[in-house]
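Coordinate inspection notes
Chain by chain, the residues:
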Amino acid sequence: TAYLPFFAAAGAPAPESFCSHEGYMAKFSPKVAWWAFNLINQYTDINFQLINADVRARAKIVEDEAEQRVEECFAKADKEKDPARAQDELAKCSNEFALEKVAGWW
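Residues numbered from 1 in each chain as written. Predicted model: local features only at pLDDT ≥ 70, side-chain atom pairs only at ≥ 80, totals over all residues. Heavy atoms only, no water.

**Thoughts on the packing of aromatic side chains**
Under the convention used in this document: Ring geometry is summarised as follows: Phe, Tyr and Trp rings, the Trp one being its six-membered ring, pair when their centres sit within 6.5 Å, and such pairs are stacked at plane angles under 30 degrees, edge-to-face over 60 and tilted between the two. When a residue's accessible area, from a 1.4 Å probe over protein chains only, is under 20% of the maximum for its type it is buried; when over 50% it is exposed; and in between it is partly exposed. For a lysine, the NZ atom is tested; for an arginine, the CZ atom; a charge sits over a ring if that atom is within 6 Å of the ring centre and within 35 degrees of the ring normal.
As enumerated under the stated definition, the model contains six aromatic pairs in all. Ring centres of F28 and W35 lie 5.3 Å apart, and the angle between their planes is 70°; this geometry places the pair in the edge-to-face category. Judged by its relative accessible area of 7%, W35 falls in the buried class. Three or more aromatic residues link up through ring pairs in this structure, and these residues are F28, W34, W35 and W106. The aromatic ring of W105 is capped on one face by R58, whose charged end is 4.9 Å from the ring centroid.

**Here we look at the state of the cysteines**
Here a disulfide denotes one covalent bond, and it connects the sulfur atoms of two cysteines. Spelled out, the test is: By definition, disulfides here are pairs of cysteine sulfur atoms that lie within 2.5 Å. The way it works is that DSSP assigns letters per residue, a run of H or I at least four long becomes a helix, a run of E at least two long becomes a strand, and they are numbered from the N terminus.
Across all of its chains, the model carries one disulfide by this definition. Two residues share a disulfide in this structure: C73 and C93, whose sulfurs sit 2.0 Å from each other. The chirality of the disulfide connecting C73 with C93 is left-handed, given an S-S dihedral of about -85°. On the criterion of sequence distance, the pair formed by C73 in helix α3 (residues 48-78) and C93 in helix α4 (residues 83-105) is long-range, its members being 20 residues apart. The structure places no disulfide on C19, whose sulfur is separated from the nearest cysteine sulfur, that of C73, by 17 Å. You can call C19 partly exposed: its relative accessible area is 37%.

**Comments concerning the nonpolar core**
Going by this rule: Residue types Ala, Val, Leu, Ile, Met, Phe, Trp, Tyr and Cys, when buried and joined through side-chain atoms within 4.5 Å, form a set referred to as a nonpolar core. Every residue pair with non-hydrogen atoms within 4.5 Å of one another is taken to be in contact.
A2, L4, F37, V62, F97, V102 and W105 are the most contacted members of the largest nonpolar core, which totals 13 residues. Mapped by element, the contributors of at least two residues to this core are α2 (33-46), α3 and α4. Each residue touching W105, except ones within four places of it in the same chain, is listed here: A2, A36, F37, I40, V55, R58, A59 and V62. C73, A86, L90 and C93 belong to the second-largest nonpolar core, a separate cluster that totals seven residues.

**Thoughts on α4**
Keep this limit in mind: To estimate how far a helix should reach, multiply one less than its number of residues by 1.5 Å.
With 23 residues, α4 should cover 33 Å at 1.5 Å per step; its first-to-last C-alpha distance of 33 Å lies within 8% of that length. Along α4, the residues classified as buried are A86, E89, L90, A91, C93, S94, N95, F97, A98, K101, V102 and W105. For α4, the secondary structure elements touched by its buried residues are α1 (16-19), α2 and α3.

**Points about the layout of surface pockets**
Here is the rule we go by: Within this scheme a cavity is a closed region of a 1 Å grid, computed over the protein atoms alone, that accommodates a 1.4 Å probe without allowing it to escape, whereas a pocket is open but has protein on both sides within 12 Å along at least five of seven lines; lining residues each have an atom within 4 Å of a point. Grid points are joined across faces, edges and corners, and a volume is the space filled by probe spheres set on the points. Residues were grouped as follows: Ala, Val, Leu, Ile, Met, Phe, Trp, Tyr, Cys and Pro as nonpolar; Asp, Glu, Lys and Arg as charged; and all remaining residues, including Gly, as polar.
Quantified by volume, the largest pocket comes out at close to 260 Å³. If you trace the largest pocket, you find 16 residues lining it, with A33, W34, F37, N38 and N41 closest to the centre. Every element with two or more residues in the lining of the largest pocket is listed here: α1, α2 and α3. Tallied by class, the residues present in the lining of the largest pocket amount to 10 nonpolar, six polar and no charged.

See below:
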């Protein structure tokens, strides 16, 4: 599992693919972020010993990038004088990162 940062004080919800009800555990949809990660988990279940090390390495890269992006998001938000605009900047920044990473898992 790669953990993606979302800010609780963000001025907008998570991207649609994280909130969509178009797909769920029993219904595949490429428009639902969960499925991108679940497919990798399913392949890992097939041959854990072979695949898990690669998945964990990739997840570490994503999480390391996330730490850097969080710093960048805070820096952008800190430049805003208006707290509401700062919250919007946090949401925009974290949502863009999440979308990039989901696209990378596909």
